[in-house]
Amino acid sequence: MRQQSERWALVTGASKGIGAAIAKRLAREGLNIFGIYRTDKTGAAQVEKAIQSYGRKAKLFQADITSDAQLDKVFDQIKKTTPTLHVLVNNVGIYDEREAPFAIEVFEHNFQVNFLAQIKVAKRAVPLMPKGSSIVFISSIAGFIGSGMPETIAYSAMKAALNSYMKNLARALAPKIRVNAVAPGRTLTPMWGDLDKAEKRYWIKDVPLKKWVTPEEVADAVWFLIENTAVCGEILTVDAGLMLKGEY
Ligand SMILES: NC(=O)c1ccc[n+]([C@@H]2O[C@H](COP(=O)([O-])OP(=O)(O)OC[C@H]3O[C@@H](n4cnc5c(N)ncnc54)[C@H](OP(=O)(O)O)[C@@H]3O)[C@@H](O)[C@H]2O)c1
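Just so it is clear, the structure is predicted and the values come from calculations on it, not from any experiment.

Q: Tell me about the overall build of the chain, and please be specific about residues and values.
A: The helix and strand inventory of the chain stands at seven helices and seven strands. Written out in order from the N terminus, the α and β elements of the chain read β-α-β-α-β-α-β-α-β-α-β-α-α-β. The principal-axis extent of the C-alpha atoms belonging to the chain is close to 45 × 35 × 35 Å. Burial analysis of the chain (248 residues in total) assigns 52% to the buried set. Put simply, 77% of the contacts in the chain that link residues at least 6 apart link residues at least 24 apart. On the chain, roughly 11,800 Å² of surface is accessible, and the fraction owed to carbon and sulfur atoms is 55%. Measuring between centres, the 33 positive side-chain charges of the chain sit 7 Å from its 25 negative side-chain charges.

Structure (structure tokens):
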């Protein structure tokens with residue numbers, strides 16, 4: 001492991017689920033962590049404590065990433081702490097589907113959070129990122145063309161847009177900053193709500209490996225993309241084989 005003690009990462013959506021696992025994993029690898037979350041103060045405090053238990057610094061900011069004003073405040077705080085960010089993990093994502101396939105307000109909500117806000121965060125982070133830095137987007141297997149279900153049409157469209165944006169951003173920022181994405185499959189997080197045992201079994205029945213992806217397995221993939229200096233513009237699928245079916 002390289003000496004990372006003066007290095008900072010920013011992880012969005014760090015109060016729970018995949019973002020919390022990524023924040024803890026990066027801290028274990030020696031990075032100090034900034035996080036952004038929207039509402040869950042208890043989760044954020046637990047994640048900060050875990051990061052500190054690895055001997056790293058942690059500061060999780062409560063902010064809505066769709067708000068320019070709130071993001072500006074977060075980045076003012078970041079710049080007071082450090083002049084450089086070595087890693088950005090754009091992890092925030094919401095699942096909002098109602099009255100598919102033509103609910104315009106649902107598409108607008110998905111567009112604001114799952115797509116445009118990701119660019120707002122990257123726009124502010126990139127000027128702080130020195131040569132050798134890394135950006136990882138958390139996409140979804142729903143973003144592969146023809147993969148998303150009709151019931152997840154707005155979410156799928158925005159993740160597909162994110163994949164396209166990620167690849168073009170990787171070309172734009174190379175060779176200074178590498179940009180990649182992880183596309184998780186069904187990952188057991190609070191995004192799924194409170195599933196009972198039968199529901200948990202139901203959702204892995206058609207998964208080739210008959211298992212849920214864990215948030216830690218997604219975090220492993222994020223760390224691989226950060227560490228491997230030859231990978232650029234890649235979408236790394238972590239889905240227990242679900243894409244082998246050609247749909248999900
Ligand atoms: N879980 C899956 O099966 C799965 C599969 C494929 C891809 N993904 C992707 O993985 C990523 C993480 O998903 P997850 O399952 O870990 O979700 P999650 O458990 O619902 O956690 C979402 C996180 O994002 C934060 N957040 C949501 N909206 C925000 C906003 N407007 N501003 C700031 N923070 C916001 C939440 O903050 P608070 O809770 O504090 O409000 C929370 O920390 C998403 O991009 C998702 O699309 C998930």
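Q: Lay out the packing of helix α1 (residues 17–28) against helix α2 (residues 41–53) in plain terms, naming residues and giving numbers.
A: Where α1 contacts α2, the axes come no closer than 9 Å and their chain directions differ by 15°. Classified by the interaxial angle, the pair formed by α1 and α2 is roughly parallel. The two elements α1 and α2 cross, and the hand of that crossing is right-handed. Residues Ala20, Ala23, Lys24 and Ala27 of α1 touch α2, and the partners they reach there are Val47, Ala50 and Ile51. Of the residues that constitute the contact of α1 with α2, the class distribution is six nonpolar, no polar and one charged.

Q: Provide a residue-level description of the packing of helix α4 (residues 104–125) against helix α5 (residues 153–173), including the pertinent values.
A: The geometry of α4 relative to α5 is characterised by a closest axis approach of 9 Å and an angle of 25° between their N-to-C directions. For the element pair α4 / α5, the angle class is roughly parallel. The way α4 lies across α5 gives a crossing that is right-handed. Across the interface between the two elements, Val106, Phe107, Asn110, Phe111, Asn114, Phe115, Gln118 and Ile119 of α4 pack against Ile153, Ala154, Tyr155, Ala157, Met158, Ala161, Leu162 and Tyr165 of α5.

Q: How would you sum up the site of the ligand? Please name residues and give values.
A: Among the 30 residues in the neighbourhood of the ligand, the closest are listed as Ser15, Lys16, Thr39, Tyr155 and Thr189. Contact between the ligand and Asp40: an oxygen atom at 2.8 Å from a main-chain N or O atom of the residue. Take Trp192: an N or O atom from its side chain is 2.8 Å from an oxygen atom of the ligand. Across the complex, the protein chains shield 94% of the 910 Å² of accessible surface that the ligand would expose by itself. Structurally, the ligand is housed in the largest pocket. Listing elements by their share of the shell around the ligand, those giving two or more residues are α1 and α5. Here the residues of the shell around the ligand sort into 13 nonpolar, eleven polar and six charged.

Q: Give a description of α1 that names residues and reports values.
A: With twelve residues, α1 should reach 16 Å at 1.5 Å per residue; the first-to-last C-alpha distance of 17 Å fits that figure. Across the twelve residues that make up α1, a large majority, ten, are buried. The complete set of buried residues in α1 reads Gly17, Ile18, Gly19, Ala20, Ala21, Ile22, Ala23, Arg25, Leu26 and Ala27. Looking one or two places after α1, you find Gly30, whose phi comes out positive at around 110°.

Q: Explain the packing of aromatic side chains to me, using residue names and the numbers behind them.
A: Within the structure shown, the criterion is met by nine aromatic pairs. Between Phe137 and Tyr165 the ring centres are 6.2 Å apart and the planes differ by 90°, which places this aromatic pair in the edge-to-face class. Separated by 28 residues along the polypeptide, Phe137 in strand β5 (residues 133–138) and Tyr165 in helix α5 bring together distant segments of the chain.

Q: Would you mind going over the sheet that holds strand β2 (residues 32–37) in detail, with residue names and values included?
A: With respect to topology, seven strands assemble into an open sheet ordered β3-β2-β1-β4-β5-β6-β7, the strand pairing being parallel. Of all the strands in the sheet, the pair left with one neighbour each is β3 (58–62) and β7 (235–238). Across the sheet, the axes of successive neighbouring strands diverge by a mean angle of 15°, strand direction being ignored. Relative to β3, β2 runs parallel, the two sharing five bridges. Residue pairing across strands places Ile36 opposite Phe61, the latter belonging to β3. Packing against the sheet, α1 makes contact with β1 (8–12), β2, β4 (87–90), β5 and β6 (177–184), and its axis sits at approximately 170° to β1. Against the sheet, helix α3 (residues 68–81) makes contact with β1, β2 and β3, and its axis sits at roughly 170° relative to β2, the strand it touches most.

Reading guide: rules and limits
Residues numbered from 1 in each chain as written. Predicted model: local features only at pLDDT ≥ 70, side-chain atom pairs only at ≥ 80, totals over all residues. Heavy atoms only, no water. Helix = DSSP H or I, 4+ residues; strand = E, 2+ residues; numbered from the N terminus. Buried < 20%, exposed > 50% of the residue type's maximum accessible area, 1.4 Å probe, protein only. Contact = heavy atoms within 4.5 Å. Areas by Shrake-Rupley, 256 points an atom, 1.4 Å probe, with all protein chains shown as cover. Lys, Arg positive; Asp, Glu negative; His and termini not counted. Charge placed at Lys NZ, Arg CZ, Asp CG, Glu CD. Axes fitted to C-alpha atoms, helices over the stretch in contact; angles between N-to-C directions. Parallel < 35°, antiparallel > 145°, perpendicular 65-115°, else oblique. Left-handed = near helix turned anticlockwise from the far one by under 90°. Nonpolar A, V, L, I, M, F, W, Y, C, P; charged D, E, K, R; others polar. Near = heavy atom within 4 Å. Polar contact = N/O pair within 3.5 Å; in protein donor to acceptor, adjacent residues only side chain to side chain. 1 Å grid on protein atoms, 1.4 Å probe; cavity = no way out; pocket = protein on both sides within 12 Å on 5 of 7 lines; lining within 4 Å. Sits in = over half its atoms within 2 Å of the grid points. Expected span 1.5 Å × (residues − 1). Phe/Tyr/Trp six-rings, centres within 6.5 Å; stacked < 30°, edge-to-face > 60°. Pairing = 2+ DSSP bridges.

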